[in-house]
Each structure stands twice: as C-alpha cells, then as structure tokens.
Amino acid sequence: TPAPLYLTGNKDGLREFLSKFDVFLFDCDGVLWSGDHIFPGTVETLELLRKNGKQVVFVTNNSTKSRADYCKKLQGLGIPSTVEEVFSSSYSASIYISRILDLPKDKKKVFVIGETGIEQELRAENVPFIGGTDPAYRRDIQPQDYKLIAEGDSSILDPEVGVVLVGLDFHLNYLKLALAFHYVKRGAVFLATNIDSTLPNSGTLFPGAGSMSAPLIMMLGSEPTSLGKPSQAMMDAIEGKFKFDRSRACMVGDRVNTDIRFGLEGKLGGTLGVLTGVSSKDEFVSGAVRPHAYLDKLSDLLGSGL
Ligand code: PLP
Ligand code: CA
C-alpha cells in the first residue's frame, strides 16, 4: 500500500478526499472524545459532514454500553445523534446471536460475561441470558460448586445455554470463568463482543474485553468469534443495516489494529487515521496496517472550507 496522505492543512486534498465518500463510520473514543472530554471542533466537524449530505455512523467496540446509553453519552457531550446511528459491539453481538446463529430450540440461552450494555441489547432482541450483572454470579466459588460443575448439575450449569458471550466485565471472577469454560466444553458457541487487549482511560491503559476472553482461550485452546472491530461480521451487519456502497464509505479511527484494519479488510473506499488516540504517526506512516490518509485531529477536516 502507498504511504498515507497527510491531510492536515491541505485544503484541496481535504476537499478531494471528502468528495469520495457518502458515509463516514466513526470510531468514538480517541476520535470524537477521550473519556469524558470531547475534543474541540468535534460537533462542528460532524455538522459540516452532515451539512454536505454525508451519513455518519458511530461504531464503537465498547460493550459495556447499549446503543441507547451511547446515544445519551453522545448527546451529553453535545453531539446530536439518534440510537439508529450507533453501532456498538454489544448490539453487533446481540443481532448476530438473534439473526445469524441458528441455535437449536433448547439451546437458546446466552451465558454472559459482561455489563448492562450487553444485557440491554440481548433483551431488545428477545434473547434469553444468564450471568452478566446478576449478583448470583458475582460471588466467590464455593467448595460445593466444583462437584456440581463436575456432575453437570442443572442447578449450576443451565442445560439451555448454547452461547457464551464475553465482553468487558468489571466483576470478572473465577466462578464465571469456570462456568464459561464448561459451557463451551459442552458445546456452546464461543463469542466475544470484541478482542481489544486494552482500553485507554485517564491517559494510560487498562484491561480490555480481549483480556476477559484470554483466560478462556488459554483453557480451551480455541478462539472466540469476535463481533467487534476488526471482525467483518460487524462490517457485514453494518452494511446490512445501512445499505451503503462500500467504495463510497470511509472508516475514521485512532487504532490501526482495530479501526483501520476494519476498514481495509472491509474493502471500504477509504480509511482515515487521527492522531488523538492510541496509534502513533509512526504506525500510520510505516506500520504494516496503514490508513489511506491521516490527520493530526478530526477537526482538521474543518480546513476543507466546505
Ligand atoms: N471497550 C470499552 C469498555 C471502552 O470503554 C472503550 C472506550 O471507551 C472501548 C472498548 C473502545 O471504544 P472505541 O471502539 O469507541 O474506541
Ligand atoms: Ca478508538
């Protein structure tokens, strides 16, 4: 692939780049904001794109929130948005389970490692689930649990569980890992909302959702199907919903191994990197996965003068 175009301050280049696309898929954290701090010019930049007839979709790997939660976050930061414009990994995983997976009638339950975002989206798709934020699973393992699990006792291993879905869980514990392991061993489909090893917070990194499935990968020797960026299952679901021409779509992101790879493998017309998040200029310019173009920051798009 050719060296990426550096578009900051290049008015003609920016205009030409923007004219190639009808749809912009936006990664959120690291592009529009960092944590709870919105980057200056984010609102104006999205306004500019909308004013010029571009469709925007917010695509986030954050599984702890539902689409409605995310919409609230966007609006709270002053970004006008609708639930329909948000595509989160919690939603992506939920529609994959309800619409793509063909589960036997008696194996429709999901064992959740994760937070309320996943639970809300599963509920919206009428997918039954256990685990998650239920206090019954947020406890230490007890001596009698081992025996019950070994015997496959239905009081601890629900025979209707056909899927294990792993997202970020702030209360991950030994009991949940043991149950998830046994469900998959008994034939449940192993899914992950996303496999980001880490996530940024307060200027450093913390364990990401991928670090929740890592112990299970260690135990099982198999990988989950991921429904977040860069998985093309997520791209297919986004395309199915928004019906856009991939050659006229651009993925905007801060992370090469999730966002940029997502756009490149999805054969989108463009990928645009911004330097306000995880990946560095060095990675954009000389890494193995390079965007088509990059900017110092998203609001440099305002320099197009459109
Ligand atoms: N997962 C969690 C739990 C997060 O909090 C975040 C960022 O806020 C992410 C993933 C990464 O999200 P994004 O894909 O919007 O960068
Ligand atoms: Ca990001």
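Structural notes, computed from the coordinates. Note that residues are indexed from 1 along each chain, following the sequence as it is written. Whichever chain is written first is A, and whichever ligand is written first is 1; the rest continue in order. Local features are withheld for residues below a pLDDT of 70 in this predicted model, meaning they are given only at 70 or higher, and side-chain atom pairs are given and counted only at 80 or more; totals for whole chains, interfaces and linings count all residues. Heavy atoms from the whole structure form the basis of all side-chain values; hydrogens and water molecules are not counted.

A look at the pattern of salt bridges
- Between Lys or Arg on one side and Asp or Glu on the other, a salt bridge is scored when a side-chain nitrogen of the former is within 4 Å of a carboxyl oxygen of the latter. As enumerated under the stated definition, the model contains 19 salt bridges in all.
- Among the ionic pairs, K229 bridges to D27, the shortest N-O distance being 2.7 Å. Taken together, the residues span a long stretch of sequence, with K229 in the loop between β13 (225-226) and α9 (232-242) and D27 in the loop between β2 (23-26) and β3 (33-34) at a distance of 202 residues. By the burial criterion, K229 is buried, and D27 matches it.
- Its salt-bridge partner being E265, residue R261 comes within 2.9 Å of it at the nearest N-O pair. Of this pair, R261 and E265 both sit in helix α10 (residues 256-265), separated by four residues, roughly a single helical turn.
- What makes E265 partly exposed here is its relative accessible area of 39%. Starting at the N terminus, helices and strands are each numbered in turn, a helix being any DSSP run of H or I of at least four residues and a strand any DSSP run of E of at least two. Whether a residue is buried, partly exposed or exposed follows from its accessible area with a 1.4 Å probe, protein chains only, as a fraction of its type maximum: under 20%, in between, or over 50%, in that order.

What about the coordination of the calcium ion (ligand 2)?
- For Na, K and Ca the donor cut-off is 3.2 Å, while for other metals it is 2.8 Å, and in both cases only N, O and S atoms qualify; water is not among them, so sites may look incomplete. The calcium ion (ligand 2) binds to the protein through D27 (OD), D27 (OD), D29 (O) and D254 (OD), with metal-donor distances spanning 2.2 to 2.9 Å.
- Of note, the calcium ion (ligand 2) draws all its donor residues from one chain, in the sequence arrangement D-x1-D-x224-D. Taken together, the positions of D29 in the loop between β2 and β3 and D254 in the loop between β14 (249-253) and α10 put the pair 225 residues apart, joining distant regions of the chain.
- Classification of D29 by relative accessible area gives partly exposed; the value is 26%.
- Exposure remark for D254: the relative accessible area of 5% places this residue in the buried category.

Digging into the site of ligand 1
- Any residue with at least one heavy atom within 4 Å of a molecule or strand is counted as near it. Looking at ligand 1, the residues that line it are D27, C28, D29, T60, N61, N62, T64, Y70, L168, L199 and K229.
- In the analysis that follows, any N or O atom pair within 3.5 Å is treated as a polar contact, provided that within protein one partner can donate a hydrogen and the other can accept it, and provided that, for residues neighboring in sequence, both atoms belong to side chains. Contact distances for ligand 1 include 2.8 Å between an oxygen atom and a side-chain N or O atom of T60.
- One nitrogen or oxygen atom from the main chain of N61 is found 2.9 Å from an oxygen atom belonging to ligand 1.

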